[in-house]
Structures are given as structure tokens and as C-alpha cells.
Amino acid sequence: MSNRALLFGGTDGHGIIMTALSERALEAEGFEVTTVCSYVRPSSENEGICADLGTGIPCLFWQYTFPYYMKSSFKDYALVVIVDIPFPEPDNRCPSLSVDQVVQQMKSALKIVPRIVLIDHHKNSFTNYGKCSQIGAEVIITSSAIFTHYGIPDEFTYKWGKYGAICDRDDAVLPVSEEDEIFAARIDSAKRDIAGSLNAIRHDNASFFNQFPPDTPHADTVLMYDSFVYVPRLAEGSGYKQLDQACKQYGKDYALGVGYQNPEKPVILLVTYWKSDNLPVALRLGMTRFRGHVHAPNLDYSPELIEKLILLFSSSHEKGDFHGTFTSGSDSFYSYVASFLRRVEIPYFLTLHKWGHVEHVIANGRTLGSLYGLSEQEQKILDWACLLHDIGYGIDRTVCPDFKDVHLLHHEFSEQMIRSWEKEGLFSGFLTHNEVDLIADMCLRHRKKMDLLGTDRDHLYILLRVADGMDNDYRRAQKNDKGVFYEELYKVLNDDSRREWDSHQAVLGLSLKIRDTTLTFQMIVRDREKAYVKIQDLELETEPLKRYFTVRIEIVDIADGWREMR
């Protein structure tokens, strides 16, 4: 038992790659690995049965497969690793399953197997991982889909990880070449042969995937509208990719369609084109309840709901009221956000860093809040501060026409705008005056050059600063506020600006490893000398966390395998 590991992995193109990379790392550590990576088609015949129902559908994995192996096999292993299988969300395929139920199962499992490691990048799951760490599970949360695997990143994992991230439509890899996008599409197509795909990645055999067509099946019927496309019947197993392809083909930022993978329970899929900077589709439509995440939600199908979605997409009023429409829902905070966005102009949230930065900071804040053990009310405050901390970049340029001044003073403008919005009544029904007052001050002081107040609320300010500081990899320097990519911008930058951009570009990603009360921030770089400024920033940003946790900084340079723990 001492050297045996049981590995569970997701079954889409990204999940298969992360599974193979995790298997490679486990074997390098001396483990004999049993890999479970299989897709089982949902069927009413296997409902309620404790059996191996595969790893392809998260709710089925957690309700059936995980307890099945816990009872039958965990005793034979020293380590269980779960890669790219997020915690379950409300799903009509598993209506009785809850996060608390999964946590209790994991608690029972840890009495059988010494170690369980969860590795994920799905932001909607992050709030739950604090509960897992509290019961003794180890958690690794990655900033991008590139590094969602067990083990230390290196050139091999980075190469394959980038293909996995393209499969997953993670904007961390943008811009991508047409050649790489086609190859990733072949990997996605090869998921019909999971065993062959795993073996090809293990042996770095890229040619294996050339036998698989890169094309997503074209829809038989596509209905065109001004701002979106509608696909009435999506190909089995290609729903989101087919919608994304339709966005690209017809030049749209949004698409929706109906998937019939389970003919008895069709679902509505919506997608934001992965190369779009526009607001995620769920927030654009004002959706307050949905499964999945804000860029790619899914809903239980009904003809009436399709009509309502088309009407909302087609309406000049960009946002609608979905309150009470759905029977299964997403996180309540995004319900607040969707409702709040109906009251303000969207461009406020499409400022310098775009929605992607805001989304990452919110996810980081929820992870840290969960680990700290914030109360529900405190988490609400932190969520809103994460959402609003950078809105000062959207200040009216007649107030501050010089962008350099906007950058230097954006924290002050954020505070001013929040207080102004309160006077206009925009927070009515969401936040009390005292909550708005605290959030405004947190946004003012989210930059480390501003002093903390030394009150019993300092932990909220610190968590906000760290959540913001964690989103500091090269995606923050992909392009400027005018949409010009770094590769073109580099030619016209002055020396000081180039050094700053180079430092960002040298940071490939960040992983947070959680074990008991120890937080290890692993920064993955490709040139540690160029990344020096960002390494220093990370050390400064995380220093206040040492009040509450044991904090370590690990630097991994994939170019030469150099590692350092600080």
C-alpha cells in the first residue's frame, strides 16, 4: 500500500492531459499508479446504484464513483488524487447531492486512505475547498488551466498544459497560433479513445492525434441574430465547442443551443466566445440562477425558456430579470452581481483589466475567505470589495484625462464612485450603509501603499490585497487597454515600461497549495531574473497573511528546472 496511488481525472481534452501529466509526476515520485479516467453515459438504469459511473460528469463522480471506490479500493492506497473534477453544483441528474455530503464522504475516506489531494481550476468550486482542508484533505488551486496537474511543472508539462488550456478555452494561453488551435482540437476529438490519448501523452507522441479530425461538427441549423447565434440541436459531446465555433464563424460574442446528450433531459447551453473581452453571457443577460460558470452556463431545457433567452438577447435592453426562473442555481453572489449590473453601465466593469481580472480576484477572495473561515456576512463584504476594487479605472476622463493619473489614483476614484453610487441608490436591496462604507474603504486601501487602520476588520483588507496580488501572471500583460497584444506593443515600449511588461510576461502562473494551515504560493516562471519584480511583489503581498497562516513562497523556473522555497 505504501507506494500505491489512485488517480481520478476528467475526460475532456483538458482533463485527459492533466490526468496523464499527474500520472507522470506520481510515477516519478515512486508511486505505482492506478488511473481511473472514463466517461459513462448517463442512464436511468444506473441511477441510485453505488457503482463506477466514471469521471466524466462531476455530479455522477461525486455521488456514485467516489463512494464506490472508497468502499471497495481506498484501503489499498496511500494516496488518492482527484484532478480536474470540480465539486458538484445543483444538477437534476443528482438532485439529492450536496457539497456538505461530498465533504462528509471525504472525511470518511480520510479514515481509510492517509492522503487525498484535490487539484482544480474551476472558480465556482473555490469556496468549498476550505471545508476540505479543514477535514484534512490537501488542495491545489491553479490560476490557469495550464497547470491543473499533480507535481512540479516543467517544460514537458507546460507544453502539453498549453494544449489542455486551449481545449478548455482558457484565455491564459491567448494569443494562440492557428496550428496550436487545430492540434488542440484533435486532442479534443481523441477523447473517444481515452486510453490511447493517455498513452500518447505519457510517451510524448503527438503524432497519435493526427488521426483524429480537428473539426467540430457543423450544426445542421444555425439561426443568426444581431448579437448572437442560436443552434437548435447541438452535436452530442461537442456542445460548447460547437457554440464556440459558431461564434468564430459568424463573428459573434455569444451563442446558445440545446444539447440532447441525454434525450430525456435536454439542456440549454450558453457560451461567451473565448477570445471575447465582453462581459460573460450570464451577467450580460442578468441571469441570477444557472449551472456551470458565468462564461458557459447551462440550464434545464424548456421551449418557454428558449423563447425568453432569444428575446433577451434580441432586446435593446441588454439585461433581464431571471429571478425565480430556474430550479437549480449558481452561487448567490453572482445572483447579486447580475442584479446589480442591471442598475449600472456595463463599461464600468470593462476597465483596464477587463472582467477576467475581476473574476480571478473574486475567486481568490472566496478561496482565502473559505480558508480563513469568514462568516457569511464577512464573505459578502469581501466578495463585493473584490468586484469593485478597480472600478476607479472607469472614471469619467473629463474628471481625470491623463491615464497615468488614473492609474496612480484609481483606488481613490474607486472609493468615490462607490460612495456616489450609494447616494444614487444603486446598492439598495444589496448592501446596508455600513457595508457600503466598509467596502468603499477596503477599495481605497487595496493597494499596499495605503496604511491599514489597525482594527478588527484588518483581515478583510489583507485578504482583498492578497486576492488582488495573486492575479499577477502574464495574462495581466497580454495586451494593453486598447486591445493591442504584447507582441506588437513591445516594439514601441520605452525601457521602463518594457521591463515591467517583461516581468509580467515571465510569470506563467500561480498555484496555491493548501495543507493544514500552511499556504504555499507556487509561482511558475520562465525567466526568474525577468520575473524578479513580480516575485518580490508576491512576497510583499502575502507577508500580512502570516498573521493567520504559515506562508511559503515556492519559485519554479521551468526553463532549467530551478526551484527555491522561501
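I will try to describe carefully the structure that is included in this document. Every value quoted in this text rests on a predicted model; they were computed, and no experiment measured them.

**A closer look at the packing of aromatic side chains**
- Evaluation of the coordinates by the stated rule reveals 24 aromatic pairs.
- Between the NZ or CZ atom of arginine 169 and the centre of the ring of tryptophan 274, over which it lies, the distance is 5.3 Å.
- The positively charged end of arginine 233 is found above the aromatic ring belonging to tyrosine 260, 4.1 Å away from the centroid.

**What to know about the pattern of salt bridges**
- For the structure shown, the criterion picks out 25 salt bridges.
- For arginine 115, the salt bridge is made with glutamate 138, and the minimal N-O distance between the two is 2.7 Å. Placement of arginine 115 in strand β4 (residues 115-120) and of glutamate 138 in strand β5 (residues 138-142) is noted, with a sequence separation of 23 residues between them.
- Accessibility expressed as a relative area gives 23% for arginine 115, which makes it partly exposed.
- Take glutamate 138: its relative accessible area is 10%, and that puts it in the buried class.
- Of the charged contacts, one joins glutamate 138 and arginine 515 as a salt bridge, the two residues approaching to 3.4 Å between their closest N and O atoms. Taken together, the positions of glutamate 138 in strand β5 and arginine 515 in strand β12 (residues 507-515) put the pair 377 residues apart, joining distant regions of the chain.
- The network of salt bridges with shared partners includes Arg115, Glu138 and Arg515.

**Considering the environment of methionine 18**
- Within the secondary structure, methionine 18 sits in helix α1 (residues 13-28).
- Residues methionine 18 and leucine 198, 180 residues apart in the sequence, show an inter-C-alpha distance of 9.5 Å.
- The residues contacting methionine 18, other than those within four sequence positions of it, are Val83, Ala145, Ile146, Thr148, His149 and Gly161.

**Some words on the pairing of strand β1 (residues 4-9)**
- By the criterion of burial, β1 is predominantly enclosed, with five of the six residues buried.
- Sheet topology note: the β1/strand β2 (residues 32-36) ladder contains five bridges and is parallel. If you follow phenylalanine 8 over to β2, its bridge partner there is valine 36.
- One crossover worth recording links β1 to the parallel β2 by way of α1, and it is right-handed.
- As paired elements, β1 and strand β3 (residues 79-83) share five bridges and run parallel to each other.

**Re the nonpolar core**
- Counting 119 residues, the largest nonpolar core has Trp62, Leu388 and Phe521 as its most contacted members.
- Of all hydrophobic cores here, the second largest spans 59 residues; its members include Leu7, Phe156, Ile166 and Val229.

**Observations concerning the packing of helix α14 (residues 403-423) against helix α15 (residues 433-444)**
- Put simply, α14 and α15 touch, their axes get as near as 7 Å, and they point 165 degrees apart. Considering the angle they form, α14 stands roughly antiparallel to α15. Relative to α15, α14 is oriented so that their crossing is right-handed. Residues His411, Glu412, Ser414, Glu415, Ile418, Arg419 and Glu422 of α14 lie in contact with α15, whose contacting residues are His433, Val436, Asp437, Ile439, Ala440, Asp441, Cys443 and Leu444.
- Of the residues assigned to the contact of α14 with α15, the class counts are six nonpolar, three polar and six charged.

**Focus: the sheet that holds β4**
- The sheet built from nine strands is open, its strands ordered β2-β1-β3-β4-β5-β12-β13-β14-β15 with mixed pairing. Of all strands in the sheet, those bounded by a partner on one side alone are β2 and β15 (562-565). Between one strand and the next, the sheet's axes are offset by a mean angle of 15 degrees, whatever the strand orientation.
- Contacts between α1 and the sheet are confined to β1, β2 and β3, with β1 contributing the most and set at about 170 degrees to the helix.

**Quick word on the pairing of strand β11 (residues 296-300)**
- Here β11 lies mainly inside the structure; four of its five residues are buried.
- Sheet topology places strand β9 (residues 267-272) next to β11; three bridges connect them, and they run antiparallel. For isoleucine 268, the partnering residue across the bridge sits in β11 and is leucine 299.
- For strand β10 (residues 291-293) and β11, the ladder comprises three bridges, and the chain directions are antiparallel. When the sheet's bridge partners are listed, arginine 291 is paired in β11 with asparagine 298.
- From the end of β10 to the start of β11, which pair antiparallel, there are two residues.

**A few points about helix α3 (residues 99-109)**
- Within α3 the residues assigned to the buried category are Val99, Val102, Val103, Gln105, Met106 and Ala109. For α3, the angular spread of buried residues about the axis comes to 160 degrees, placing them on one side.
- Here the buried face of α3 lies against α2 (58-72), β4 and α4 (129-134).

**Structural notes on the side chain of lysine 534**
- Locating lysine 534 in the fold gives a position in helix α19 (residues 532-542).
- Owing to a relative accessible area of 4%, lysine 534 belongs among the buried residues under this scheme.
- Those residues in contact with lysine 534 that sit more than four places away from it in its chain are Asn472, Glu500, Ser503, His504, Val507 and Met523.

**Considering unusual backbone geometry**
- Residue proline 175 follows leucine 174 across a cis peptide bond; omega there is -5 degrees.
- Locating proline 175 in the fold gives a position in the loop between α5 (155-167) and α6 (178-189).
- Backbone geometry places aspartate 84, a non-glycine residue, at a positive phi of 60 degrees.
- Here aspartate 84 lies in the loop between β3 and α3.
- Classification of aspartate 84 by relative accessible area gives buried; the value is 7%.
- Here the phi dihedral of aspartate 516 falls at roughly 55 degrees; this positive angle occurs in a residue that is not glycine.
- Position of aspartate 516 relative to the elements: it lies in the loop between β12 and β13 (518-525).
- Residue aspartate 516 is classed as exposed on the basis of its relative accessible area of 56%.

**A closer look at the sheet that holds β11**
- The strand order β6-β7-β8-β9-β11-β10 describes an open sheet built from six strands, whose pairing is mixed. A single partner strand is all that each edge strand has here, and the edge strands are β6 (223-224) and β10.
- Strands in contact with helix α8 (residues 239-250) are β6, β7 (228-234), β8 (254-259), β9 and β11; relative to β9, the strand with the most contacts, it is inclined by about 45 degrees.

Scoring rules and cut-offs
Residues numbered from 1 in each chain as written. Predicted model: local features only at pLDDT ≥ 70, side-chain atom pairs only at ≥ 80, totals over all residues. Heavy atoms only, no water. Phe/Tyr/Trp six-rings, centres within 6.5 Å; stacked < 30°, edge-to-face > 60°. Lys NZ or Arg CZ within 6 Å of the ring centre and 35° of its normal. Salt bridge = Lys/Arg side-chain N within 4 Å of Asp/Glu carboxyl O. Helix = DSSP H or I, 4+ residues; strand = E, 2+ residues; numbered from the N terminus. Buried < 20%, exposed > 50% of the residue type's maximum accessible area, 1.4 Å probe, protein only. Contact = heavy atoms within 4.5 Å. Pairing = 2+ DSSP bridges. Right-handed = clockwise from strand over helix to strand, strands pointing away. Core = buried A, V, L, I, M, F, W, Y, C linked by side-chain atoms within 4.5 Å. Axes fitted to C-alpha atoms, helices over the stretch in contact; angles between N-to-C directions. Parallel < 35°, antiparallel > 145°, perpendicular 65-115°, else oblique. Left-handed = near helix turned anticlockwise from the far one by under 90°. Nonpolar A, V, L, I, M, F, W, Y, C, P; charged D, E, K, R; others polar. Arc of directions from axis to C-beta.

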